[in-house]
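Residues per chain, in single letters:
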Amino acid sequence: MTDISFLIRLAEDDDDFILALVPRFVDFTLPPWRRRHECIAGIRKDLARHLEEQPANSFLFVAEDDGGERVGFVHLQKTQDFFTGHTNCHISDLAVAPAHEGKGVGRALLTHAETWAREHRCMLVTLAVFPGNERARALYEANGYGADLLRLAKPVR
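These notes cover the structure that comes with them. (Residues numbered from 1 in each chain as written. Predicted model: local features only at pLDDT ≥ 70, side-chain atom pairs only at ≥ 80, totals over all residues. Heavy atoms only, no water.)

**Regarding the pattern of salt bridges**
1) Next: Enumeration according to the criterion identifies 9 salt bridges in this entry.
2) Next: With its nearest N and O atoms 3.1 Å apart, the salt bridge here joins R70 to D14. Highlighted residues: R70 in strand β3 (residues 70–80) and D14 in the loop between β1 (7–10) and α1 (15–20), separated in sequence by 56 residues.
3) Next: Note on R70: relative accessible area 32%, which makes it partly exposed.
4) Next: Looking at D14, the relative accessible area reads 3%, which means it is buried.
5) Next: Between R49 and D46 there is a salt bridge, with its nearest N and O atoms 3.5 Å apart. Taken together, the residues R49 and D46, both in helix α2 (residues 36–53) and 3 residues apart, mark about one turn of the helix.
6) Next: Relative accessible area serves as the criterion here: at 27%, D46 is assigned to the partly exposed category.
7) Next: A network of salt bridges, in which partner residues are shared, links R9, D14, E64 and R70. (Salt bridge = Lys/Arg side-chain N within 4 Å of Asp/Glu carboxyl O. Helix = DSSP H or I, 4+ residues; strand = E, 2+ residues; numbered from the N terminus. Buried < 20%, exposed > 50% of the residue type's maximum accessible area, 1.4 Å probe, protein only.)

Here you go:
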């Protein structure tokens, strides 16, 4: 891996780029009760809403390589910690374009999220990840993220 620097900027007219990466969020084995097309539709709908409405607690950033090519994005949300009431930064979405995987884009986006969280006086940076998303879990764990709460599910059909 080489040390490449990335420009990380607020998303502007990047809706198509961001929405095109949505299938990356389910590019692994899902829990048996989750359907890939439903997950894609739900994520796409949520991101499109945040891109269009730009809620006050929602911030989308795009990473570009030194040639100006968009290579990934991160969606941050300010949240309130249930237990302490403190402000947290939640990484709602983080995706890297397939052609740029393994080049440090994910790490750069995580670093940006952590810097942003410090600047906004957040106590924690949180995120959620499917258990089968080993690629993302490895990135997060290598960067110091660990389990905080474990969400379990059971279908009741």
